[in-house]
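The residues making up each chain are set out below.
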Amino acid sequence: MILLHNARYVVTCDPHDTVLENSSLVIHDTQIIDLGPAQEIKDKYPQAQLIDLTDQLIMPGLINLHTHLPMTLLRGVAENVDLQGFLELVWAEEARIMDAEGTFIGARLGALESILAGTTTALDMYLHPAHNHRGAVEVGLRHVTGPVFFSFPGPDNLTWDQRMELARAWPQTLREIGGPYVPLALTPHCPLTVSPENLREVAELASEQGAIITVHTSENIPENDDTIAAYGERPTQLLDITGILDLKPVLAHGVHLNEPERLLIAAKGACVAHCPGSNLKLASGAADLVQYRQDGITVGLGSDGSSTSNDLDMFAVMRLAANLARLVRSDPAAIASSEIVRSATIDGATALGMDKRIGSLEVGKEADVISLALNQPHLVPIHDPFTTIVYSAGRADVRHVFVAGEQVVDNRMPTKVDAGEIMGAAWAHVQSQHS
């Protein structure tokens, strides 16, 4: 039993956005079992292991709703290009560097970067899914991933039948690897790179397995145009026709969605993973976060991979999302800080179908919890904790991280792995591929 004691603020992200002051939280096994005034909670649990969080803020772990963790090894290889130029460069590098071993090494590095920055859950799309998942779980991340699909060989040079075989075996693979609870997931790349016939197969298998789906959708205008040229329909229409949209998928990016598409997505219960950093860097466009929310779409936040956004910093993503929403609407009051924090926590959990388990600090939920040190000049004073989280705090302020009740970061040090060994392995693998 662990007592997170005397936090200056507890930002719960519960349905009322409750913020407690000078309060404590109790973890037993995987769950939050109590929450309340510091002294009262301390008196109730005298035998608990006490971690003093005086001058700290605790909040739910951040949820990265769209990323490609192993692409840490490709950080900086595709600069000053649009999405199409990026894919051309990166797919060539992936075929060379990102074999099964490279994927495992990159996943460990990406997971390490993530947990140190306060991310406790990531929805990840990448090659060699078993090696990807094993690497991330080793570090302690709650890692949602699954087989990736292309209708052509792709960087991993697999046939369609081989991809389907991996997907059918994925439930057993997931059980064998273990780690914190995650739903089954299937990850078709996008409607341009997966044919309608193949998308139908993925939808049917996901329905059989009870798996969630994530898929890139309408990331930039050329993608929309190329999809129409290839199949006669826009990406969202293809997802609807093939049955994907009925499964409430997480649509990565969704930058260029017209009104009928947005209303269809909302009606079907699909969600969008908004990736402002990647979209800005590739000049893909600016999704209208406020409009999407007004249309009834659940919108979470994502970093995308380290080769487009160059890092996995969800604090930076929150700040970009907030400021971009204001710019797109020409309205400095377009969105509240609390709504941005919700997008990075409970809304991401909702998109994953995990909102009953994670995404907020409530009794009975699994303990995915992070703490931020507040005794920093850039965090003084605090008039509103949500504003501080979005506009002032950063990943370097993260001190402690718990995933499913296990402490995976203790005072900025990972507890399950050797950070130096992970970084050394990453350097060695990349250098070996260049020799």
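Residues numbered from 1 in each chain as written. Predicted model: local features only at pLDDT ≥ 70, side-chain atom pairs only at ≥ 80, totals over all residues. Heavy atoms only, no water.

1. Focus: the sheet that holds strand 9 (residues 148–149)
Now for step 1: Read across the open sheet, the six strands follow the order 9-10-11-12-13-14; overall the sheet is parallel. The open sheet has two edge strands with one neighbour each: strand 9 and strand 14 (298–301).
Now for step 2: Sheet analysis places strand 9 next to strand 10 (residues 185–188), joined by two bridges and oriented parallel. Bridge assignment links Phe149 to a residue of strand 10, and that residue is Pro188. (Pairing = 2+ DSSP bridges. Helix = DSSP H or I, 4+ residues; strand = E, 2+ residues; numbered from the N terminus.)

2. Notes on the layout of surface pockets
Now for step 1: Estimates place the volume of the largest pocket at around 370 Å³.
Now for step 2: At the level of secondary structure, the elements contributing two or more residues to the lining of the largest pocket comprise helix 2 (83–97) and helix 7 (221–231).
Now for step 3: Looking at the lining of the largest pocket, the element that brings in the most residues is helix 2, giving seven residues.
Now for step 4: Of the residues in the lining of the largest pocket, the class split is 13 nonpolar, nine polar and five charged.
Now for step 5: For the second largest pocket, the calculated volume is near 180 Å³.
Now for step 6: Lining the second largest pocket, in full, are Thr72, Leu73, Arg75, Leu109, Met423, Ala426, Trp427 and Val430. (1 Å grid on protein atoms, 1.4 Å probe; cavity = no way out; pocket = protein on both sides within 12 Å on 5 of 7 lines; lining within 4 Å. Points joined across faces, edges and corners; volume = space filled by probe spheres on them. Nonpolar A, V, L, I, M, F, W, Y, C, P; charged D, E, K, R; others polar.)

3. As for the packing of aromatic side chains
Now for step 1: If you walk through the whole model with that rule in mind, you get two aromatic pairs.
Now for step 2: A centroid spacing of 5.4 Å and a plane angle of 45° characterise the contact between Phe149 and Trp160, whose relative ring orientation is tilted. In this pair, Phe149 sits in strand 9 while Trp160 sits in helix 5 (residues 160–177), placing the two residues eleven residues apart along the sequence.
Now for step 3: Looking at Phe149, the relative accessible area reads 0%, which means it is buried.
Now for step 4: Over the ring of Tyr181 we find Arg357, and its NZ or CZ is 3.7 Å from the ring centre. (Phe/Tyr/Trp six-rings, centres within 6.5 Å; stacked < 30°, edge-to-face > 60°. Buried < 20%, exposed > 50% of the residue type's maximum accessible area, 1.4 Å probe, protein only. Lys NZ or Arg CZ within 6 Å of the ring centre and 35° of its normal.)

4. Remarks on helix 9 (residues 259–268)
Since the α-helix packs 3.6 residues into each turn, any two residues three or four apart lie on the same face.
Now for step 1: Three or more residues of helix 9 are buried, namely Glu261, Arg262 and Ile265. On an axial view of helix 9, the arc spanned by its buried residues comes to 100°, and they lie on one face. Seen from the open side of helix 9, the exposed residues pointing more than 90 degrees away from its buried face are Pro260 and Ala267.
Now for step 2: Of the surrounding secondary structure, the elements contacted by the buried residues of helix 9 are helix 8 (235–241), strand 12 (250–253) and helix 11 (289–294).
Now for step 3: The positive-phi residue at the C-terminal boundary of helix 9 is Gly269, with phi of around 80°. (Arc of directions from axis to C-beta. Contact = heavy atoms within 4.5 Å.)

5. As for the sheet that holds strand 7 (residues 119–124)
Now for step 1: Ordered by their spatial adjacency, three strands build an open sheet running 6-7-8, and the pairing between neighbours is parallel. Looking along the sheet, the strands with just one partner apiece sit at the ends: strand 6 (62–67) and strand 8 (142–144). Averaged over all pairs of adjacent strands, the angle between their axes in this sheet comes to 15°, without regard to strand direction.
Now for step 2: Note that strand 6 and strand 7 share four bridges and pair parallel. Counted as the bridge partner of Asn64 is Ala122 from strand 7. (Axes fitted to C-alpha atoms, helices over the stretch in contact; angles between N-to-C directions.)

6. Description of the side chain of Thr12
Now for step 1: The topology assignment puts Thr12 in the loop between strand 1 (2–11) and strand 2 (19–28).
Now for step 2: Residues within four places of Thr12 in sequence aside, it is in contact with Asp17, Thr18, Leu35, Pro60, Ser360 and Leu361.

7. Examining the nonpolar core
Now for step 1: Core analysis: the largest hydrophobic core is formed by 117 residues, its most contacted members being Met59, Leu186, Phe315, Met318 and Ile340.
Now for step 2: With seven residues, the top contributor of residues to this core is helix 12 (residues 314–329).
Now for step 3: Once residues within four sequence positions are removed from consideration, Met318 is found in contact with Leu62, Leu301, Ile340, Val341, Ala344, Ile389 and Val390.
Now for step 4: Ranked by size, the runner-up nonpolar core spans 14 residues in total, among them Ile2, Ile32, Ile58 and Val369. (Core = buried A, V, L, I, M, F, W, Y, C linked by side-chain atoms within 4.5 Å.)

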